[in-house]
Amino acid sequence: MMLRSVVAVGIGAALAGCSVYREATTPGMDTSLAWRRIATDADRTKLRNWRKAWSEALPLARAADATLIDGDPALFDPDRAQADAMPPAGAYRCRIFKLGGGGTAVSAIVTYDWRPCAIGEDGPVRHFRIEGGVQRPEGNFFPDVTARVTFLGTLEVGDDNAPLRYGLDNRRNLVGYGERIGDKRWRLVLPYPSFESKLDVIEIAPTV
């Protein structure tokens, strides 16, 4: 009888844990709202400081690999935005550049390989997700101004099988902006992410 009670308690705790995980990973962002009504205070501060993040990260990245940074000014120029910032829905390929990291374990510039990514349509909002890799941003592009859209999302890491809901964990929350930087070429800029960098730049391009 005692063993049965212990097993029942264990199963109950496991089910409760699963329930908490489902609740934390259930999509909860109301995309009918303007992004300003959803963003956390911490993310509002990060977005206001987007240029400061560039000014801190870019010199460090250039010192580490000037050929890469100066060889693609469209991608790494803070002021290269063009009109029609919202990328159309469809299949894309993406690669992440992490700029301004420091310390013995993290370089001042880290480049990830191209990965499949997708943009889905939800009215005026676009849902963005990168597939595969250790760090997988996922979230929504909200309309803002002609040359910029605002991104709110979360970071899925490691063997996570679903992203946390935005707003639950400041270290997983992501805020940034999307811009068109060329013909069928966009970037997502994430100032002050929690891991490994001062600024992340994600290149978004058509599949080849």
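Now for a look at the structure at hand. Being a predicted model, the structure only gives us computed values, none of them experimental.

**Describing the pairing of strand 9 (residues 199-206)**
Of all eight residues making up strand 9, seven are buried, and the element is well covered by its neighbours. Where strand 8 (residues 185-191) lies against strand 9, six bridges are found, and the strand directions are antiparallel. From the neighbouring strand, W186 faces strand 9, where its bridge partner is I204.

**As for the pattern of salt bridges**
If you walk through the whole model with that rule in mind, you get 16 salt bridges. One salt bridge in this structure joins K52 and E56, with 2.7 Å as the shortest N-O distance. With K52 and E56 both in helix 3 (residues 50-64) and four residues apart, the pair spans about one turn of that helix. Exposure remark for K52: the relative accessible area of 44% places this residue in the partly exposed category. R62 is the partner of D70 in a salt bridge, and the nearest nitrogen-oxygen pair spans 2.9 Å. Taking the relative accessible area as the measure of exposure, D70 reaches 46% and is therefore partly exposed. Exposure remark for R62: the relative accessible area of 33% places this residue in the partly exposed category. Connected via shared salt-bridge partners are R129, E131, R136, E138 and E156.

**Description of the state of the cysteines**
Within the structure shown, the criterion is met by one disulfide. Here C94 pairs with C117 through a disulfide, and the sulfurs are 2.0 Å apart. Taking the torsion about the sulfur-sulfur bond, which here is approximately 80°, the covalent link between C94 and C117 counts as right-handed. Here C94 is found in strand 1 (residues 90-99), whereas its partner C117 is found in strand 3 (residues 115-122), with 23 residues between them in sequence. Side by side, C94 and C117 carry an identical accessibility label, which is buried.

Conventions used here
Residues numbered from 1 in each chain as written. Predicted model: local features only at pLDDT ≥ 70, side-chain atom pairs only at ≥ 80, totals over all residues. Heavy atoms only, no water. Buried < 20%, exposed > 50% of the residue type's maximum accessible area, 1.4 Å probe, protein only. Helix = DSSP H or I, 4+ residues; strand = E, 2+ residues; numbered from the N terminus. Pairing = 2+ DSSP bridges. Salt bridge = Lys/Arg side-chain N within 4 Å of Asp/Glu carboxyl O. Disulfide = S-S within 2.5 Å.

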